[in-house]
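Fold and geometry: a report
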Amino acid sequence: MTASATGSDKDRVLIFDTTLRDGEQCPGATMTLEEKLQVAALLDQMGVDIIEAGFPIASNGDFEAVTEIARVVKSAVVTGLARASAKDIDRAGEAVRGAQRPRIHTFLSTSPVHMKYKLQKEPDAVLEMVIASVTRARNLVDDVEWSAEDGTRTEHDFLCRCVEAAIKAGATTINIPDTVGYTTPEEYRALFQMVRQRVPDADKAVFSVHCHDDLGMAVANSLAGVQGGARQVECTINGIGERAGNASLEEIVMAIKTRGDAFPYETRIDTTQLTRASKLVSTVTSFPVQFNKAIVGRNAFAHESGIHQDGMLKHTQTYEIMTPDSVGVSKTSLVMGKHSGRNAFRSKLEEMGYRMSENAFEDAFNRFKDLADRKKHVYDEDIEALVDERIAHAHD
Ligand code: KIV
Ligand code: ZN
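The structure displayed is predicted, hence computed values, not measured ones.

What counts and what doesn't
- Residue numbers restart at each chain and count upward from 1, following the sequence in its written direction.
- Working convention: letters from A go to chains and numbers from 1 go to ligands, in the order in which they are written.
- Note on the predicted model: pLDDT of at least 70 is required for a residue's local features to be given, and 80 or more for side-chain atom pairs to be given and counted; whole-chain, interface and lining totals, by contrast, use all residues.
- Only DSSP runs of H or I reaching four residues or more are called helices, and only runs of E reaching two or more are called strands; each is numbered from the N terminus.
- Three exposure classes are used, all based on how many other C-beta atoms lie within 10 Å of a residue's own C-beta (placed from the backbone): buried at 20 or more, exposed at 12 or fewer, and partly exposed between those limits.
- Two residues qualify as being in contact provided that their C-beta atoms, derived from the backbone, are within 7 Å of each other.
- UniProt positions are given in the numbering used here, feature names are shortened, and annotations may be inferred rather than shown by experiment.
- A residue counts as near a molecule or strand when its C-beta atom, positioned from the backbone, falls within 6 Å of it.
- Under the grouping applied here, Gly and all other residues not named as nonpolar or charged are polar, the nonpolar ones being Ala, Val, Leu, Ile, Met, Phe, Trp, Tyr, Cys and Pro and the charged ones Asp, Glu, Lys and Arg.
- DSSP calls a pair of strands paired once it identifies at least 2 bridges connecting them.
- To obtain an axis, a line is fitted to C-alpha atoms, over the contacting stretch when the element is a helix, and the angle between two such axes runs from 0 to 180 degrees between their N-to-C directions.
- When the strands point away from the viewer, a crossover counts as right-handed if the route from the first strand across the helix to the second turns clockwise.

Counting its regular elements, the protein chain contains 16 helices and 12 strands. In terms of overall dimensions, the protein chain has a C-alpha envelope of 90 × 45 × 40 Å along the principal axes. Across the 396 residues that make up the protein chain, the buried fraction comes to 44%. Sequence separation of 24 or more characterises 71% of the internal contacts of the protein chain that already satisfy a separation of 6 or more.

Our next topic: the UniProt feature "domain: Pyruvate carboxyltransferase" (unreviewed entry) in the protein chain. The residues that UniProt annotates with the feature "domain: Pyruvate carboxyltransferase" (unreviewed entry) are residues 13–275. Regarding residues 13–275, the helix share stands at 44% and the strand share at 18%, and the terminal C-alpha atoms are separated by 21 Å.

Residue placement: Arg-21 occurs in helix 2 (residues 19–23). Taking the C-beta count within 10 Å as the criterion, Arg-21 has 26 such neighbours and is therefore assigned buried. In this structure the C-alpha to C-alpha distance between Arg-21 and Thr-236, which are 215 residues apart in sequence, comes to 9.2 Å.

Next up on the list: the site of ligand 1. Inspection of the region around ligand 1 gives Asp-22, Phe-107, Ser-147, Glu-149, Asn-175, Pro-177, Thr-179, His-210 and His-212 as its neighbouring residues. Elements that contribute at least two residues to the shell around ligand 1 include exactly strand 6 (144–149) and strand 7 (173–178). Of the residues assigned to the shell around ligand 1, the class counts are 2 nonpolar, 5 polar and 2 charged.

One closed barrel accounts for 8 strands, arranged 2-3-4-5-6-7-8-9; its pairing is parallel. For this sheet, the mean inter-axis angle between neighbouring strands, taken without regard to orientation, is 25 degrees.

Our focus in this paragraph is the pairing of strand 8 (residues 206–211). Counting buried residues in strand 8 gives 5 out of 6 residues, a clear majority hidden from the surface. By the bridge criterion, 6 bridges tie strand 7 to strand 8 in an arrangement that is parallel. What sits directly across from Thr-173, in strand 8, is Val-206. One crossover worth recording links strand 7 to the parallel strand 8 by way of helix 9 (residues 185–198), and it is right-handed. In terms of strand pairing, strand 8 meets strand 9 (residues 232–235) through 3 bridges, oriented parallel. Bridge assignment links Val-209 to a residue of strand 9, and that residue is Val-233. Viewed along the sheet, the connection from strand 8 through helix 10 (residues 218–227) into strand 9 turns out right-handed.

Moving on: the UniProt feature "binding site: Mn(2+)" (unreviewed entry) in the protein chain. The sites that UniProt annotates as "binding site: Mn(2+)" (unreviewed entry) are Asp-22, His-210, His-212 and Asn-246. Spanning 225 residues, the named residues form one tight spatial group whose C-alpha atoms are at most 10.3 Å apart. Setting aside its immediate chain neighbours within four residues, His-210 contacts Ser-147, Asn-175, Pro-177, Asp-178 and Glu-234. Relative to the helices and strands, His-212 is located in the loop between strand 8 and helix 10. Assessed through the 25 C-beta atoms surrounding it within 10 Å, His-212 is described here as buried. Beyond its immediate stretch of four places on either side in the chain, His-212 contacts Asp-178, Thr-179, Val-180, Gly-181, Ala-218, Gly-241, Glu-242, Arg-243, Ala-244 and Asn-246.

Encoded structure:
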């Protein structure tokens, strides 16, 4: 989407959430229909542009979920995944039919290793299947996405031939996935530049990134793909997905929001909903969010070391590049532990309503340090107990 289309001087990047499809594909993350509807409603409300609701041919349950989500989602495009087969495509078409804005997402492997071992087909036969599948999908809906599975390990000439054929057959979005999390930022950016330069009518389609995190580079690769000209990012809440997961939606969105100098784009996401979405997905999938997860981890806005706490008390920008409320966290927490310093302890006591003489404070602080050496977590109740005891002593 161009800048002029959004009335801003920044290009819009479309956020395509696949938590309910690729995310659900990670072992153990199965969600019930009710849970999927809850997640879809929140994604729609927070401004996700495209919701991939499932893989309709995979099971009756998946078909029902995509159908229901298509029926209730108000603003977002709703899509269902389909392999390059008539049965898959027709099933996906049927599932998204009730959506305000239906899309069929069809894909086919294009890399030598996938064509040889998985599909057991020659490249020319694969090319024919690309044309047939996109044409069939376009007969059902106007909005068709085509993905070159294992695109980053695909030979460049062949990738360009497939992309060109898909666009000619009517694909409106072209996705080049890093299916196995193999690419690097430089390589992925150059891949998009190359394809968009070489393929005639490339500007008739929106290009899309879809990255897996096998080498921990899914977010960096996705952003590099955008720098190479992609304008749709496929991602999941909390980065859940096949194997090591997909690029995390919250990290992509906040990187764009926080580093507008490096990524001069915009998304439609209401970022204050990110923590809520993370908690909801974690609850319904029973997948815990790691404590130090960027943006939504429990420690993302928590500071324990004395030096950092002291800096934070003087000015929040010393150790925070985003405000907690921008992602829906009420406030920064200064965690009381053995690394905490005097200033943080004093501020904690004030916050808890305590006032005391300098001597009493020194005594309480020393006792707090002793306690913190013995205990992993020092809670407010521990501090209360320790201070009350000290005050009792003071009154002796
Ligand atoms: O990783 C992948 O290649 C996919 C496609 C089906 C888009 O998930
Ligand atoms: Zn994937």
